[in-house]
Each structure stands twice: as C-alpha cells, then as structure tokens.
Amino acid sequence: MEAPQYVAARVQQALAEDGRTNELGIRVDVRGDQLFLRGQVSEAGQRDRLGLVAHEAAPELHLHNEITIVGDVFDQGEDEHLD
Amino acid sequence: MSTLTDLRIAAVGDIHLGEDARGRYRRRLEGIEQRADVLLVAGDLTRHGTLEEGRVVADELRDLPVPVVTVLGNHDYHSDLQFEIASELRDAGVIVLDDDGVVLEIGESKLGVVGGKGFGGGYAGKCASEFGEREIKNFVSHTRFIAEAWKVALKEIVADHRVVLSHYSPIKETLEGEPPEIYPFLGSYLLAEAVDTVGADLILHGHAHRGTEKGITPGGIRVRNVALPVLGKPYAVYCMDGAC
C-alpha cells in the first residue's frame, strides 16, 4: 500500500503540472481514505478543475474539495499610508 | 489626482486570468482612478502563460484611466511565450518591466518603477550557492544577474519616489504562512540586498499566495506582498507623502 505522504505528493504534482490547472499553492492532505484540498483560487471553475484533476490522480480516495474563492471581492477596505 | 509629490499606488499580483476571465476581470478595476494614480501588477497575469491568456490580460488592462506597469511571473513563462505575452501587453499600452525601469510623471510627481520577474534561491543563511553542479550554478547566477540589473536600473532612475516591482519575494517575512521548505522557490535575499544597496521607498511582490502582506528589508525598506489571495480585495492602495 502506498504511503499517504506519497499519494499527497502525487496529487500535488498533478495539480501543478496538469495543463487544466497549473495551480501551485494548494495544500493536499491524505488521512486514511480521505483526500483534502485546501487553499484559495480566484474562480469556481478553477476549484472544480482542481477537484477533477485530484480525483483522477487518486480515484480511490474520497475527495473533500475545501478550496475557497477569493476573486470576486469588491470591498476595497482601507488604504495604507506610508509615512 | 493627488497634488505635489503625493502619490497613490494601487497594486495587485497573481490575478491569473484564464480565457474564461475575458470581460469579467475589468469590472474589479472600475473607479480605480478615484482611488489611485497608477496600477502596478506583480506578475502571474495568466494561468498557463498561453498567448490567448496573454491577450485576455491585455484586453482587460487596455485603456485603463490610470497608467499600468507590470512584470511577468513564473506562470507567464510556462508556455515559453513570455516575450509574445509582453508584446501583447505593450501593444495594449501596458508598461512591462523586464529587469529595467521607467519614470512616470503623475501630476507634479515623478514615480520611478524598477523591476522584473525576480527569481528564487532562498534567504541569507539558508540559501543555494553558486557551487557544484552546473544546474545549481545556473539557478543561483540567474538571480544574481537579475539583482545586479535592478541595482543598475535603480541607480539610473531620477524620481521623487522609487518603487521596485517583482514577482518573487525579496524577504521571507512576507512568506509567512507558506511552508518554510519551499521558501527557496519563492524568492531570494539577493533581490533585497540589491535594493537596499541603492535605496527605494517600497518593494511590491506577489507569488506567495499563502503569505503575509507586510514586511521590511534588512535595510528598512517597506515590502508588501500584493498577491490577490493575500489581499482578499481587488488591489491594495499605498499612499505616499500624505496622499489619500
């Protein structure tokens, strides 16, 4: 049986190198038969693609796609004064 | 428009526009001229560095009511079309820095912006050296070449304010939140050392999506990680000399 660390590494490589995603900043954790994806992307389509590529890389695991979307924020908040 | 040497700098990085972002990203920048005098973009404009994505970025940034200065990031190099993407952006009126500088006249203020993609290698005491295999030497010497180019460009700039725009990080403080094991792939202290040698008012970078916004170089120059996921808003605004 493949060690969970190697499975997580394989999924992370797939997310970075697969042309559909090319996403470098996603945290991948494997616990038992559960696969967790965490991180932030700018739109829902990319989150879905990451889930798909991760599932293809480790189809035997139950996927939890916990990636959040940050791109559609319009609240500018405070400016910073550099004095 | 601010007055005298006041200056309001909008900045964001890692916007990662795919072809599905066409016509959608620009609305995040609506009204930017009310908030800022210039927009600086810290690389990773695209997802895969394709020419089609580069054209989307060019169209989304075209004819904005404030000048736009950008550098490319590692994603923009992925398809080996970085020069073509830069050309598309320049045709759209965007200033693309490639280890050089530009001076913008904004009201009565002159803003000098120097920069480029930057590169990795790690931070003082925990970094790669130009030793051993040719591949390692090439890796480190690439960063040294960039740092030296920035130093030269900064020395040549005559302006009221000088800002350095990079994709990779010059310091590790703004990487906090990223796994320390990957710091050498997120930036290099050689970039900070070069800027500290000549001086600047501010360094902006992206690349570290899980990092921290605010840091400072060993020489006391403010550093801001403006990666979109770090900011959590369309862009940050930094005000100088009492602007805003």
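Definitions and limits used
Residues numbered from 1 in each chain as written. Chains lettered and ligands numbered in written order. Predicted model: local features only at pLDDT ≥ 70, side-chain atom pairs only at ≥ 80, totals over all residues. Heavy atoms only, no water. Phe/Tyr/Trp six-rings, centres within 6.5 Å; stacked < 30°, edge-to-face > 60°. Helix = DSSP H or I, 4+ residues; strand = E, 2+ residues; numbered from the N terminus. Buried < 20%, exposed > 50% of the residue type's maximum accessible area, 1.4 Å probe, protein only. Lys NZ or Arg CZ within 6 Å of the ring centre and 35° of its normal. UniProt positions renumbered as here; feature names shortened; annotations may be inferred. Pairing = 2+ DSSP bridges. Contact = heavy atoms within 4.5 Å. Buried area = accessible area lost by both parts, 1.4 Å probe. Salt bridge = Lys/Arg side-chain N within 4 Å of Asp/Glu carboxyl O. Polar contact = N/O pair within 3.5 Å; in protein donor to acceptor, adjacent residues only side chain to side chain.

In the nomenclature of an unreviewed UniProt entry, chain A corresponds to BON domain-containing protein from the organism Nonomuraea pusilla.

**Focus on the packing of aromatic side chains**
All names here are of chain B. A complete count under the given rule lists 3 aromatic pairs over all chains for this structure. Relative to Tyr-183, the ring of Tyr-123 has its centre 6.4 Å away and its plane inclined at 85 degrees; by these criteria the two rings are edge-to-face. Linking Tyr-123 in strand E7 (residues 122-123) with Tyr-183 in the loop between strand E9 (161-166) and helix H5 (189-198), this pair joins segments that are 60 residues apart in sequence. As far as the burial class goes, Tyr-123 and Tyr-183 line up, both buried. Taken together, Phe-119, Phe-139 and Tyr-168 form an aromatic cluster joined through their ring pairs. The cationic tip of Lys-117 hangs over the ring face of Tyr-77; the distance from NZ or CZ to the ring centre is 5.3 Å.

**Brief notes about the UniProt feature "domain: BON" (unreviewed entry) in chain A**
Listed under "domain: BON" (unreviewed entry) in the UniProt record, and renumbered for this structure, are residues 7-69 of chain A. The distance separating the terminal C-alpha atoms of residues 7-69 of chain A is 25 Å; by composition the span is 40% helix and 29% strand.

**Notes on the sheet that holds strand E4 (residues 95-96) of chain B**
Pairing is mixed across the open sheet formed by 6 strands, whose spatial order is E6(A)-E13(B)-E1(B)-E2(B)-E3(B)-E4(B). Each edge of the open sheet is held by one strand with a lone partner, namely strand E6 (80-82) of chain A together with E4 of chain B.

**Considering the UniProt feature "domain: Calcineurin-like phosphoesterase" (unreviewed entry) in chain B**
The sites that carry the UniProt feature "domain: Calcineurin-like phosphoesterase" (unreviewed entry) are, in the present numbering, residues 7-210 of chain B. Counting secondary structure, residues 7-210 of chain B comes out at 28% helix and 23% strand; the distance between its end C-alpha atoms is 28 Å.

**Re the interface of chain B and chain A**
Listed by partner, the interface residues are 32 residues for chain B and 27 residues for chain A. Looking only at chain B, the three residues that lose the most surface to chain A are Arg-28, Arg-47 and Arg-210 of chain B, adding up to 20% of its buried area. Inspection of the region where chain B meets chain A yields 3 salt bridges. Its salt-bridge partner being Asp-79 of chain A, residue Arg-35 of chain B comes within 2.7 Å of it at the nearest N-O pair. Scanning the region where chain B abuts chain A turns up 7 residue pairs in polar contact (both at pLDDT 80 or more). Mapped by element, the contributors of at least two residues to the side of chain B that touches chain A are strand E12 (222-225), helix H6 (228-231) and strand E13 (236-240) of chain B. When residues of the side of chain B that touches chain A are assigned to their parent elements, the largest contribution, 4 residues, is made by E13 of chain B.

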